[in-house]
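Next come the chains, spelled out residue by residue.
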Amino acid sequence: LDVPFHTLVYFFIGASAMLARAKSDITLAGRLNIGLACGMLGALLEILQATVPGICRSCTVIDFFSNLCGAAIAVAIIPTRFLINRQYRIQTHEQN
């Protein structure tokens, strides 16, 4: 149950990062940067769980890879055109 939860949470984190970068066409390098940033966030949180006393959480490699997989799925499947069209609709709504 823990792995699907981590994957789903990081899918939404990756999707949110993609939406935040929707002002321009997101290139492959931009997608990789978003995926790596989400992966680094997952790694940092896993390391903090292992080192900060009193958290009572475990640091596992499986959790890290499920975090990375969730972010990678979001970065891979969200189409760039959807992001640009969404940003265009927001801009036209703000102008009216």
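Just so we're clear, the structure is a prediction, and the values are computed from it rather than from any experiment.

Colleague: How would you sum up the overall build of the chain? Please name residues and give values.
Modeller: Helix and strand counts for the chain stand at four helices and zero strands. Put simply, the chain runs from its N terminus to its C terminus through helices and strands in the order α-α-α-α. Within the chain, buried positions represent 28% of all 96 residues. Put simply, of all contacts in the chain between residues at least 6 apart along the chain, 73% involve residues at least 24 apart. Just so you have it, the chain exposes about 6,400 Å², and 70% of that area is on carbon and sulfur atoms.

Colleague: Help me get a handle on a nonpolar patch on the surface, residues and values and all.
Modeller: Residues L41, L44, L45, L48, V52 and I55 make up a contiguous nonpolar surface patch of roughly 440 Å² in combined accessible area. Tracing the backbone through its elements, the reader meets L41 in helix 2 (residues 28–51). Judged by its relative accessible area of 34%, L41 falls in the partly exposed class.

Colleague: Outline the packing of aromatic side chains, supporting the account with residue identities and numerical values.
Modeller: Within the structure shown, the criterion is met by two aromatic pairs. Between the aromatic rings of F11 and F12, the centroid separation amounts to 5.6 Å while the plane-to-plane angle is 75°, which identifies the pairing as edge-to-face. Note on F12: relative accessible area 49%, which makes it partly exposed.

Conventions adopted
- Residues numbered from 1 in each chain as written.
- Predicted model: local features only at pLDDT ≥ 70, side-chain atom pairs only at ≥ 80, totals over all residues.
- Heavy atoms only, no water.
- Helix = DSSP H or I, 4+ residues; strand = E, 2+ residues; numbered from the N terminus.
- Buried < 20%, exposed > 50% of the residue type's maximum accessible area, 1.4 Å probe, protein only.
- Contact = heavy atoms within 4.5 Å.
- Areas by Shrake-Rupley, 256 points an atom, 1.4 Å probe, with all protein chains shown as cover.
- Patch = residues over 30% accessible without salt bridge, like charges linked within 9 Å, V, L, I, M, F, W, Y side chains within 5 Å.
- Salt bridge = Lys/Arg side-chain N within 4 Å of Asp/Glu carboxyl O.
- Phe/Tyr/Trp six-rings, centres within 6.5 Å; stacked < 30°, edge-to-face > 60°.

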